[in-house]
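# A look at the structure
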Protein chains: 2
Amino acid sequence: MTTPRLVEVREKVLKQNDLRARALRQRFGASGVCVVSLVSSPGSGKTLLLEKTLAALGREWRVGALVGDLATDNDAARLARTEARVAQITTGTVCHLDAEMVQGALDGWNTMGLDFLFIENVGNLVCPATFDLGEDLRAVLFSVTEGEDKPLKYPTIFNTADVALITKTDLAAAVEFDAAAAHRSIQSVRPGMEVFEVSAKTGAGIERWLSCLQSRRSAGISAARQ
Amino acid sequence: MTTPRLVEVREKVLKQNDLRARALRQRFGASGVCVVSLVSSPGSGKTLLLEKTLAALGREWRVGALVGDLATDNDAARLARTEARVAQITTGTVCHLDAEMVQGALDGWNTMGLDFLFIENVGNLVCPATFDLGEDLRAVLFSVTEGEDKPLKYPTIFNTADVALITKTDLAAAVEFDAAAAHRSIQSVRPGMEVFEVSAKTGAGIERWLSCLQSRRSAGISAARQ
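A brief report on the enclosed structure follows.

Calculation criteria
- Residues numbered from 1 in each chain as written.
- Chains lettered and ligands numbered in written order.
- Predicted model: local features only at pLDDT ≥ 70, side-chain atom pairs only at ≥ 80, totals over all residues.
- Heavy atoms only, no water.
- Helix = DSSP H or I, 4+ residues; strand = E, 2+ residues; numbered from the N terminus.
- Rg over C-alpha atoms; globule rule 2.2 N^0.38 Å.
- Buried < 20%, exposed > 50% of the residue type's maximum accessible area, 1.4 Å probe, protein only.
- Areas by Shrake-Rupley, 256 points an atom, 1.4 Å probe, with all protein chains shown as cover.
- Lys, Arg positive; Asp, Glu negative; His and termini not counted.
- Charge placed at Lys NZ, Arg CZ, Asp CG, Glu CD.
- Core = buried A, V, L, I, M, F, W, Y, C linked by side-chain atoms within 4.5 Å.
- Pairing = 2+ DSSP bridges.
- Right-handed = clockwise from strand over helix to strand, strands pointing away.
- Axes fitted to C-alpha atoms, helices over the stretch in contact; angles between N-to-C directions.
- Contact = heavy atoms within 4.5 Å.
- Least-squares fit on C-alpha atoms with pLDDT ≥ 70 in both.

## Overview of the overall build of chain A
When helices and strands are counted, chain A shows 8 helices and 7 strands. The C-alpha atoms of chain A give 17 Å as radius of gyration, which agrees with the globular expectation for 226 residues (17 Å, within 12%). Overall, the C-alpha framework of chain A stretches about 50 × 45 × 40 Å when taken along its three principal axes. Across the 226 residues that make up chain A, the buried fraction comes to 55%. Entry remark: accessible area of chain A is about 9100 Å², with carbon and sulfur atoms responsible for 51%. Separation between the mean location of the 26 positive side-chain charges and that of the 27 negative ones in chain A comes to 3 Å.

Take a look at the structure:
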């Protein structure tokens with residue numbers, strides 16, 4: 001197994017990350033920006049969901065996004081077609097975003113000028129779990145094509161997320177997706193977790209997701225004012 | 001970014017892993033067993049492909065499989081329905097298999113008694129890339145539902161793999177999969193890479209994959225005899 005030495009150094013890195021994430025969270029809170037991160041395996045549809053989310057929220061709110069990827073800026077280029085302010089974080093061979101990368105990408109941004117900031121993590125259902133990015137809400141996505149047991153097989157990421165989205169529901173029939181089994185998997189790992197079934201392609205379920213985001217923002221702002 | 005200290009310790013861990021993988025490769029070579037590892041993101045269809053591969057090869061060859069997962073032994077239970085000898089490696093929160101885990105799982109196995117050994121890695125398109133498992137052939141899978149640009153976004157895993165499989169081709173029409181674009185992505189990251197298009201569900205393309213495995217085994221044995 002992984003040597004104790006690596007675990008020890010990793011723990012130090014995580015501790016540093018937690019401190020940086022705490023500072024980010026304070027900064028976001030003071031700015032009144034609602035920060036939402038998206039995690040999933042590659043190809044679960046994070047970017048398309050984000051594209052639709054930015055376009056819809058952008059009609060009423062000031063929105064921005066940070067997009068993490070090992071290589072390429074394809075996603076940032078896609079998202080730049082919306083009105084949102086978008087920055088790419090290219091991680092090289094690093095398999096997750098950390099608070100320092102987020103901090104660096106926001107260098108020079110006035111987060112006071114934003115209502116929502118989205119952070120799209122690297123496609124990875126394992127490693128991003130343990131890195132706090134200072135977000136208010138962490139959403140874990142998995143698509144109907146990935147199988148109903150993903151929450152059971154990747155429990156840590158579901159445990160560290162606040163809400164789950166089952167994506168690509170337009171393909172549910174084609175892959176004989178068992179929605180009840182998927183919900184059971186999620187609830188057995190994280191009882192009470194709020195779950196959204198969405199298709200960014202057809203728009204099904206998107207309204208409920210947008211309402212959730214907007215009420216989270218209002219709740220955050222009232223809490224900050226108290 | 002990740003601190004230099006973590007990188008340094010990680011390099012030591014990788015060096016140890018390389019030594020263990022070399023020992024495994026010698027052991028496998030001496031046993032005459034052909035070792036094939038499968039890597040992909042979660043839900044790309046590794047287990048179903050493996051199930052069909054074990055069932056088909058098992059009619060003529062002695063086959064075994066090691067199955068890596070963070071939690072659950074669902075996959076091992078599925079594969080145990082074939083005639084193959086199967087062992088589960090539960091990694092906890094570790095996001096990849098390493099050579100030591102493989103060595104541990106094979107403790108007490110007589111690899112002389114096998115013609116093929118398959119190793120299914122944890123679903124992760126990033127971290128398994130850098131861990132040599134002593135395999136003869138590393139196959140990277142990605143499904144038509146994940147998007148044609150995955151090789152561009154996760155180049156390291158494609159660079160360390162020997163062959164690529166595009167899976168779930170039965171869903172290609174439903175997701176408007178652009179096969180030419182996917183092949184271009186693969187070839188731009190790893191020119192000349194052999195690619196298989198398969199559907200484990202319908203059986204399409206499986207024969208060619210099985211032939212590849214059998215000729216790899218023959219080639220390995222002739223090389224060992226020389």
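## Considerations on the nonpolar core
Core analysis: the biggest nonpolar cluster contains 50 residues, and Val140 and Phe158 of chain A together with Val140 and Phe158 of chain B have the highest contact counts within it. Breaking this core down by element, the ones donating at least two residues are strand S5 (137-143), helix H6 (155-159), strand S6 (163-167) and helix H7 (179-189) of chain A together with strand S5 (137-143), helix H6 (155-159), strand S6 (163-167) and helix H7 (179-189) of chain B.

## So, the environment of Ile89 of chain B
Looking at the element boundaries, Ile89 of chain B is found in strand S3 (residues 85-90). Placed 23 residues apart in sequence, Ile89 of chain B and Leu66 of chain B show a C-alpha to C-alpha distance of 6.8 Å.

## Describing the pairing of strand S2 (residues 63-69) of chain A
All names here are of chain A. For S2, the buried fraction is high: 7 of the 7 residues fall into the buried class. Residues Val63, Ala65, Val67 and Asp69 point to one face of S2 and Gly64, Leu66 and Gly68 to the other, with burial holding for every one of them. Here S2 pairs with strand S3 (residues 85-90) via 6 bridges, running parallel. For Asp69, the partnering residue across the bridge sits in S3 and is Thr90. Crossover connection from S2 via helix H3 (residues 74-79) to parallel S3: handedness right-handed.

## Topic: the sheet that holds S5 of chain A
Residue and element names in this part refer to chain A. Read from one edge of the open sheet, 7 strands run S3-S2-S4-S1-S5-S6-S7, paired in parallel fashion. Single-partner strands in this sheet number two, and they are S3 and strand S7 (194-197). Across the sheet, the axes of successive neighbouring strands diverge by a mean angle of 20 degrees, strand direction being ignored. The sheet contacts of helix H2 (residues 46-57) involve strand S1 (34-39), S2, strand S4 (116-120), S5 and S6, and relative to S4 the element is tilted by about 170 degrees. On top of the sheet, H7 reaches S5, S6 and S7; it is set at about 150 degrees to S7, its chief contact.

## Section: the relation of the copies chain A and chain B
Its rotation angle being 180 degrees, the transformation that places chain A on chain B also includes 0.0 Å of axial translation and leaves an RMSD of 0.0 Å. Read as a symmetry element, the transformation amounts to a two-fold axis. A share of 100% of the interface residues of chain A reappears at the interface of chain B, consistent with the copies meeting face to face through the same patch.

## Notes on the environment of Arg59 of chain A
Residues and elements named next belong to chain A. For Arg59, the location among the structural elements is in the loop between H2 and S2. Arg59 gets classed as exposed once you look at its relative accessible area, which sits at 69%. Sequence separation of Arg59 and Glu83 is 24 residues, and the distance between their C-alpha atoms is 8.9 Å.

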